[in-house]
Structures are given as structure tokens and as C-alpha cells.
Amino acid sequence: MTHARTYLDHNASSPLRPEARAAMLGALDVVGNPSSVHAEGRQARAIIEAARAEVAALVGATPGEVIFTSGATEANNWVVKSGWDELLVCSAEHDSVAVPARGAANATLWPSAPTAHLGFLQTHLDMRAKRVAPGPLLIALQMANNETGLLQPVAEAVRLAADAENVWLHTDAVQAAGRVPIDFAALGVQSLVVSSHKIGGPKGVGALIVSATADLPPLIAGGGQERGKRAGTENVAAIAGFGAAAKAAARDLADMPRIAAMRDRLEREAKAINAETYVVGEGLPRLPNTACIADPWRKAETMVIAFDLAGIAVSSGAACASGKVGYSRVLDGMGLPRGIAGSTIRVSLGWNTCEADIDEFLAAWAAVTAKGRSEAKRAAAMGS
Ligand code: PMP
């Protein structure tokens, strides 16, 4: 007998929303090249521009500020590799920011334990202000962490850097989009990144939002698409799905109290089942959909496999890349109690999560953590 699976890994990828599927299917039958002037071309162009307006609305930007990309990894790489004299990169950034930044000779890692240290930023900016005509500095600070859901002080960072010369603030809003309200215009960063598949759109499409008052060198030269910044005929169907998902995600912001209540129940009851349950980031400002919880007696990767066998998809560490289990530099760098970082799983809820999914998870949590304790007791008895 097959039992329906319980999917609780929306931070890795959220299931395709019906609205996005319908928009994609419709767009697949549109024949024109969006750059063509005839009716077929104009029809394809209209789909792209409608999607651009929806993505802009989700993050409080203007449509002209939205550049479609193949996803957030491309958009983050684009910004990080745009020829800065200096980079200041939060230690909790996603690999699509951290890895290209690590390759730069002039990058400083900005400590984040548990969230970005604002005093460190202030000191860095004060020292820099003493230099004559400092070269361009990129400051990268994600809006919310993909593993813990912790919200970063982006607005405060913008305020601290307000008087600094030649500074570009970049925020990766992949996990925040559709889960907390975002107002690009009010925030005052120069660039922001979103990814379609984290909000219920298709994979392989995202957007870089660049302020109308800022300018970035082009990523791909060619036919002049995307304001001359990223040439190549657009992926019309994927963009259509992204736009429909952005519209639905903006609507579903009103559903976040329900999601937060389910997440809170999950954490509360997980602790009631096993008093040793540790909730990472508890009490701190974080996304409404993410629970990052540990059973100190069990290894994260063993738990993920046990949950998978029980029909439940959760993840450990930054499980966005294939085969990545266990190690997490973000959790390691948070100063958690000993043994917690390696024993933490991420449970992330989304648009189609319901109470029954939480029930399934809690039943499995009881079994998985009881097994951890009985194995630990047996090992201790054998050792004594
Ligand atoms: N940034 C963050 C915070 C993410 O969680 C992810 C996805 N794991 C990315 C960037 C990369 O997004 P994409 O899959 O669209 O390349």
C-alpha cells in the first residue's frame, strides 16, 4: 500500500502552485519570440511584462527594476563578481554568495552569531571612512537564513552604511520572499535576489532586482534583452510560472499567521515529546515557516534518513545542493551548545502544509528520538 508523503522541505524547494502550472501551460503554446514586433511576439512579451509586474509587487520594487535570471545562484554570483574593490560578506550567507566571495582576494567575513554583528559593520565602515576615496565596497547580508530562518538586520545595516561613500548593499531575499513583507523601495538596498521555486514557481528562474538609482555591469552580452543586462531569448513559460507564483505568494502573506501557528505547535509538541529537543533561534526574530530543531542524541543525517523512511521529507544543513547532508558552517558558526549543530534538522512549511502534516511529523519525531535515546543508553551500558 502506498501512503502519501509528507513534504516539509519548502526552504529547499516549494511544490509548484496550481496557478503557476496553469500559467506555464498557457505560455508554452505562445509561439512568438518576445523581441518580435508581430502579434505573436507581442503576446509573449505581454506574458513576460505581466510576470515582471507581479515579481516587482511581491518585493515592493518597480517592474523596471526586475531582471529575470536563471535563478538566485546566478543573480547572487552576478552581484558578487561585479568588480568590487572590497567585499564584506555575512558568514551565514548561502553558498551562492559565500563561494564566489571566498574566491575574491579582498573579502572580509562578517561574523553572524546568531545574526550579523552590527558593531563589526560599524567598525569596518569607520576604518574605511579614514581612507581617501575608498573604492567600491559590496556589503552582502541575506534577509533570512535558509537553515535557521533567522532574520538578519538588513534595515539596520542600510542605516549604518547610509553616509558611507561608494557602498553597494545586496540582500539575498530568497527565503524571505512570500514569508515576510518586503519593501525594496523603503529598505534602500541597491540589489535584492528572489528565486521562483522557493515560492511555488518553477525551478531555474529567479530575479535580480537592481535599484533604478544604481547600475551593475551586464552579465551576458548579446541581443539586449533584460535592459541590455542579460541577453538571450527569455524562458517565457518559466517566467510566466514565476509571475503567477509571485502573485499567489503575495496573497498568501495573509496566511502566514496560520503557518506560524503550525510551526509553533510543531516545536512545542516536539519538546513535550522529548524534553531534550533544542530549538535553534527560539525567541529570536525568524521566518514563520522554519523550525530548526535538534535531538542531541541523534545525528542529523541519520534523522533525515529515518524521516524519509517514515514518508516525511525534511533536511539537514543547507540541503539545497545534491547529496549535501550533515555539515553546516552556519550552525557551526552560531555558538550553539555542544553537539547541537550536528544533530539539527530543518523542517520548513509552506503554502500547502496542513495540520495533518504536523501530526505525521510529530508521530515520527516520537519514534526517531526514542530510538536515539535507547541506542545511547545501550551504548552507555555496554561501556560501563
Ligand atoms: N539563496 C538562498 C538563501 C537559498 O536558500 C537558495 C536556494 N537554496 C539560493 C540562494 C539559490 O537559489 P536557486 O536555487 O534559485 O539558485
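See the structure printed just above.
An account of the accompanying structure is given in this report. Computed from a prediction, not measured in an experiment: that's the story for all the values here. Residue numbers restart at each chain and count upward from 1, following the sequence in its written direction. Only residues with pLDDT of at least 70 get local features here, since the model is predicted, and only at 80 or more are side-chain atom pairs given and counted; chain-wide, interface and lining totals rely on the full set of residues. The side-chain figures draw on all heavy atoms in the structure; neither hydrogens nor water molecules are used.

**Concerning the pattern of salt bridges**
Salt bridge criterion: a side-chain nitrogen from Lys or Arg within 4 Å of a carboxyl oxygen from Asp or Glu. Applying the stated criterion across every chain yields a total of 22 salt bridges. A salt bridge links Arg265 to Asp359; its shortest N-O distance comes to 2.7 Å. Placement of Arg265 in helix α9 (residues 256–273) and of Asp359 in helix α12 (residues 355–383) is noted, with a sequence separation of 94 residues between them. Judged by its relative accessible area of 14%, Arg265 falls in the buried class. Here the term buried applies to any residue with accessible area under 20% of the maximum for its type, exposed to any over 50%, and partly exposed to those in between, with areas from a 1.4 Å probe on protein chains only. Here Asp359 falls in the partly exposed class, since its relative accessible area comes to 43%. Across the salt bridge formed by Arg286 and Glu267, the nearest N and O atoms sit 2.8 Å from each other. Highlighted residues: Arg286 in the loop between β9 (278–279) and β10 (290–294) and Glu267 in helix α9, separated in sequence by 19 residues. The residues Arg286 and Glu267 share a single accessibility class, namely buried. Put simply, Arg45, Glu49, Arg52, Glu226 and Glu234 are held in one network by salt bridges that share partners. By definition, any uninterrupted DSSP run of H or I lasting at least four residues is a helix, any uninterrupted run of E lasting at least two residues is a strand, and each is numbered from the N terminus.

**A look at the sheet that holds β10**
When DSSP finds two or more bridges between a pair of strands, those strands are recorded as paired. With antiparallel pairing, four strands are arranged side by side in an open sheet as β9-β10-β13-β12. At either margin of the open sheet sits one strand with a lone partner, and together these are β9 and β12 (315–316). Strands in contact with α9 are β9, β10 and β13 (344–348); relative to β10, the strand with the most contacts, it is inclined by about 15°. It only takes one pair of heavy atoms within 4.5 Å for two residues to be counted as in contact. Structural elements are reduced to axes, namely lines fitted to C-alpha atoms, with helices fitted over the stretch in contact, and the angle between N-to-C directions of any two is expressed from 0 to 180 degrees. Docked against the sheet, helix α10 (residues 300–309) engages β12 and β13, running at close to 40° with respect to β13.

**Focus: unusual backbone geometry**
Both trends apply: most residues other than glycine have a negative phi, and most peptide bonds are in trans. Note that the residue after Ala113, namely Pro114, is joined by a cis bond; omega there is 0°. A positive phi angle, near 45°, is found at Ala133, a position not held by glycine. Of the residues examined, Ala133 reaches a relative accessible area of 61% and is grouped as exposed. Positive phi, close to 60°, is recorded for Arg227, a residue that is not glycine. Structurally, Arg227 is set in the loop between β8 (206–210) and α8 (236–251). Overall, Arg227 belongs to the partly exposed group, its relative accessible area being 46%.

**Observations concerning the sheet that holds strand β4 (residues 107–110)**
The mixed open sheet is built from seven strands, whose spatial order is β2-β8-β7-β6-β5-β3-β4. Of all the strands in the sheet, the pair left with one neighbour each is β2 (66–69) and β4. Sheet twist, expressed as the average angle between the axes of neighbouring strands with direction ignored, equals 20°. With three bridges connecting them, strand β6 (residues 167–172) and strand β7 (residues 191–195) associate as parallel partners. Residue pairing across strands places His170 opposite Ser191, the latter belonging to β7. With respect to the sheet, helix α3 (residues 72–80) is in contact with β2, β3 (86–90), β5 (137–140), β6, β7 and β8, its orientation differing from that of β7 by roughly 160°.

These results come straight from atomic positions and should not be treated as a statement about function.
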